Amino acid sequence: MQKRKHSWAAFVGGGNKKGEKMAGENARILPKATHEERKKQEAKRKGKLKTLAGKLLKTVAGGKEMVEKTGPEDVAGNLLKRPSSRKGVERGTPAEETICRFIEQGKFLEACDQIHNLEHSGDDGLRMSESLYVLLAERMWTVVGEALSGSDRMLLEPLHSVGESLKWEKQKEAERLGNGLETDPASTWSPNFWRKDLEEKLIQYMTAQIPPFASSADTDEAALSQHLSQLETRFLPSLEHSSDVFRDAGLLGTYARCCHASLCSHLATLTDSNCFSFSQSLLIYGWSIKMYKRGSQACVRPEHSPQHSLSLGAQCLVWILLKTEEKLLETARKEVGRALKGAFDIGKPPCADAAVIEILTEKTETARRVSENLGEKVEAECLEECLRFLESYEDEVRSFLQLDGCQQICSSLRILENCCLLRTVWHKLTYICSVSTDQNVKVNGFLHRMEDDIVEHFLQTITSKVRGTLKDHFKKCDSGFDHILESLKQNFLTFGKKNTGIYEALVKAVNAIVITEYMQALLATPRKASAMQRRRIVNKIEEDHRMMQTVFKECLGPAAGSLKDPIKAILELVQTSDPEGMKIALLPILKEFPDLRKEHLSAVLDIKDSLSREDRAALLKAFHDNCRESETEAHLLFADIEVKPTKYGLCGCLCC
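Peer 1: Please clarify how the overall build of the protein should be interpreted in this entry.
Peer 2: Within the protein, the secondary structure is distributed over 25 helices and zero strands. Expressed as a percentage of its 656 residues, the buried residues of the protein come to 46%. Residue pairs in contact within the protein that sit at least 24 positions apart in sequence constitute 73% of those at least 6 positions apart. Here the protein displays about 33800 Å² of accessible surface, and carbon together with sulfur accounts for 52% of that area.

Structure (structure tokens):
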């Protein structure tokens, strides 16, 4: 397996970058270097320390004078050449020389103690200590970088000293706080930042080891699956391989935290991408579940765990799962909302109920295959999104009802179809999903309100259009009445294919409107018409009646037999030739339409050709003798039909 290496010098801050890079490279080649090469490397390191130590000595008075006389590099060289034994220190060896030797030898804990002593030796020592802490930190991070870049076991002791130095810092900070010497949490004491600096540099290095992946709208599931596989087979094993030396040095906890942080950050970046679909986010969730189970099995059965046991921590994986779950639910909500909006577009024909159910259940079923708990959450989110869609759809319907246009008959029927479809879908969902009582009440409330509003608006629209068409129907040869009937038939037949429960009641309501408006237009026909005009009106009534019967029989089928048909009764009355026959024909009309008034009958008799005054009076008397008050308000037809009286009275014959 090929590993990608990144120079540690790209991530550590401060110091001589070139020198640090060389140090990292030297760490990788040391095991194969000759004795002479080792001497060259040591000379380079000493040269670096000469420069740094010379700069440090400028900060003290004695050092400043010495530098002015001999130069900073010569002074540093002299310091590094002095013996570092205890006897030498007692004879007056400068503390700076001892500290520099400890740093150069990788004995960071000893250097910490010496710098701490120097720090409390006076003002000059305090100033010098801060610079020495910086030098110490730079050398420690160089060692860490060399450990990450190679597998040199000679770095174990210096790396272990890095860990001990971090413990020393924590102990000293506790002592400072305990003694009341430092109460500010944002202390400027340099070692306070070591642990944070180490973690930042480790995370930067580990993040650079992650295989590159650019998410976009064109990214497919295969590419994402391959990237997750690379994380599993390349990135994590690479970090596990480097963890050995950190484990032996006592820094595995810090190393593991940084590993988790870099991976969490990367997966969070992936899940935060708006380019990912629900199924792609589910891939990340499923991968995280697999990693979590693998880590749990390694804890339960350590004998079966791999050679390198740096597993993703439970806390890290739980965070990834929660983050991915949040994105999953958000994506599911958006995708379901868009799908429902497209399925119930007012301007498009409704789709099948099975397609809508698939929209609301497909993601739940997919999520359940990964996690039962996730499936329940996705299901709840989809149901809530359905409620949010119904609320917005109700607002859309209200906006539609405020519009005027010829297409409203067709669109109104489509909305009614959508309501019926939604009712069917929701009824099926109550058996498939865990629908709460509150959700059921809300959905039924939305649907009832929308159905009531759209039916009322639809019937009002039909009334207005039919009334406008019939206004001059009996004066024109073609008023367009046949066109509106044909349009109603086509829309109703399309609507009826959905087998909606409201269909029959709606067609019967439209039939009642058409009959009422037709009778209103007929009874408003001018009374003083010639015999030819009256015959033409009767012929027109006969033709219109046949067309209406054809339309509503096609729409209702056998149910059309129960419809009230006053036009047929009136045709039989006016087409009967003898007065006695007309009296007989009047009786069933009075029985079936008890709300028929005298002025209605008088207007109908005006249409009758060649009716004498005596016969007319006899028919009106027969009406008076047989009419009765309506016992119920059901099926009233003539109650709301008004007939304007002529200047001669109701019948135009001066007898009324």
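Peer 1: Looking at this model, I keep getting lost on helix 10 (residues 194-209). Mind explaining?
Peer 2: Each α-helix turn comprises 3.6 residues. Residues three or four places apart therefore point the same way. Relative to the 22 Å expected for 16 residues at 1.5 Å per residue, helix 10 spans 23 Å between its end C-alpha atoms, a close match to the ideal helical length. Those residues of helix 10 that fall on the buried side of the exposure criterion are W194, L198, K201, L202, Y205, M206 and Q209. Considered in projection along helix 10, the buried side chains sweep an arc of 130° and stay on one side of the axis.

Peer 1: I'm lost on the packing of helix 24 (residues 598-605) against helix 25 (residues 613-626) in this one. Help?
Peer 2: Relative orientation and spacing of two packed helices are given, respectively, by the angle between their axes and the distance between those axes. Packing of helix 24 against helix 25 brings their axes to within 11 Å, and their N-to-C directions diverge by 150°. Looking at the two axes, helix 24 sits roughly antiparallel to helix 25. Helix-helix and strand crossings are classified by hand; for helix 24 and helix 25 the assignment is right-handed. Residues K598, L601, S602 and L605 of helix 24 touch helix 25, and the partners they reach there are R616, L619, L620 and F623. Broken down by class, the residue content of the contact of helix 24 with helix 25 amounts to five nonpolar, one polar and two charged.

Peer 1: Even after reading the chapter, I still don't get the environment of D248, so can you show me in this structure?
Peer 2: On the secondary structure map, D248 appears in helix 11 (residues 221-248). The spacing of D248 and L159 is 89 residues in sequence and 9.0 Å in space, taken between C-alpha atoms.

Peer 1: Mind showing me how you'd approach the packing of aromatic side chains here?
Peer 2: A ring pair, where both rings are aromatic, is described by two values, the distance of the centres and the angle of the planes. Tallied over the entire structure, the rule returns twelve aromatic pairs. Ring centres 5.9 Å apart and planes at 70° place the aromatic pair Y133 and W194 in the edge-to-face group. On the criterion of sequence distance, the pair formed by Y133 in helix 8 (residues 123-149) and W194 in helix 10 is long-range, its members being 61 residues apart. Assigned by exposure class, Y133 and W194 land together as buried. Residues F344 and F389 carry aromatic rings whose centres are separated by 5.6 Å and whose planes lie at 40° to one another, so their mutual orientation is tilted. Residue F344 is found in the loop between helix 14 (314-343) and helix 15 (353-370), and its partner F389 is found in helix 16 (residues 372-401); the two are separated by 45 residues along the sequence. When its relative accessible area of 1% is taken as the criterion, F344 is described as buried. Cluster of aromatic residues (ring-pair linked, three or more members): F458, F492, F495 and Y503.

Peer 1: How do you make sense of the pattern of salt bridges when you look at a structure like this?
Peer 2: Close approach of charged atoms allows side chains of opposite charge to pair. Going through the model one piece at a time under the given rule, you end up with 28 salt bridges. Close ionic contact of E517 with R467 constitutes a salt bridge, the shortest N to O distance being 2.9 Å. Of this pair, E517 sits in helix 20 (residues 503-523) while R467 is found in helix 18 (residues 437-470), placing the two residues 50 residues apart along the sequence. Salt-bridge contacts for E486 lead to K489; the nearest nitrogen and oxygen are separated by 3.4 Å. You can see E486 and its partner K489 sitting in helix 19 (residues 481-496), three residues apart, about one turn around the helix. E486 gets classed as partly exposed once you look at its relative accessible area, which sits at 35%. The class of K489 is buried, set by a relative accessible area of 12%. Look at the salt bridges and you will find they share partners, linking R333, E381, E385 and R388 into a network.

Peer 1: Help me understand the packing of helix 16 against helix 18 in this model?
Peer 2: Look at helix 16 against helix 18: their axes get within 10 Å of each other, and the N-to-C directions meet at 15°. Compared by their axis directions, helix 16 and helix 18 come out roughly parallel. In the packing of helix 16 onto helix 18, the handedness of the crossing is left-handed. Of helix 18, the residues touching helix 16 (which contributes L383, E384, L387, L390, E391, Y393, E394, V397, F400 and L401) are Q439, K442, V443, F446, L447, R449, M450, D453, I454 and H457.

Peer 1: How should helix 6 (residues 95-105) be read in this particular structure?
Peer 2: Counting buried residues along helix 6, nine of its eleven residues qualify, which places the element largely inside the surrounding structure. Regarding helix 6, the residues found buried are E96, E97, T98, I99, C100, R101, F102, I103 and E104. Just downstream of helix 6 lies G106, where phi reads positive at about 80°.

Calculation criteria
- Numbering of residues starts from 1 in every chain and runs along the sequence as written.
- At least 70 in pLDDT is required for a residue's local features to be given in this predicted model, at least 80 for side-chain atom pairs to be given and counted, and no such filter applies to totals for whole chains, interfaces and linings, which use all residues.
- Side-chain measures here rest on the full set of heavy atoms in the structure, leaving out hydrogens and waters.
- For the purposes of this entry, the term helix denotes a DSSP run of H or I that reaches at least four residues, the term strand denotes a run of E that reaches at least two, and both are numbered from the N terminus.
- Exposed residues in this analysis have more than 50% of their type's maximum accessible area, buried residues have under 20%, and partly exposed residues fall in between, with area computed by a 1.4 Å probe over protein chains only.
- Residue contacts are counted whenever heavy atoms from the two residues lie within 4.5 Å of one another.
- Accessible areas in this description were obtained via Shrake-Rupley with a 1.4 Å probe; residue shielding takes into account the shown protein chains only.
- Multiplying 1.5 Å by the helix residue count minus one yields the expected span of that helix.
- Relevant arc is that of directions from the helix axis to the C-beta atoms, nothing else.
- The angle between two axes is taken between their N-to-C directions and runs from 0 to 180 degrees, where each axis is a line fitted to C-alpha atoms and a helix contributes only its stretch in contact.
- To sort the angles, those under 35 degrees are grouped as roughly parallel, those over 145 as roughly antiparallel, those from 65 to 115 as roughly perpendicular, and the leftovers as oblique.
- Working rule for handedness: look at the near helix, and if it is turned counterclockwise from the far one by less than a right angle, call the crossing left-handed; if clockwise, right-handed.
- When residue character is reported, Ala, Val, Leu, Ile, Met, Phe, Trp, Tyr, Cys and Pro are called nonpolar, Asp, Glu, Lys and Arg charged, and the others, Gly included, polar.
- Only rings of Phe, Tyr and Trp enter the pairing, Trp through its six-membered ring, and a pair is recorded when the two centres are within 6.5 Å. The plane angle decides the type: under 30 degrees is stacked, over 60 is edge-to-face, the rest tilted.
- Salt bridges are identified by distance alone: a Lys or Arg side-chain nitrogen within 4 Å of an Asp or Glu carboxyl oxygen.

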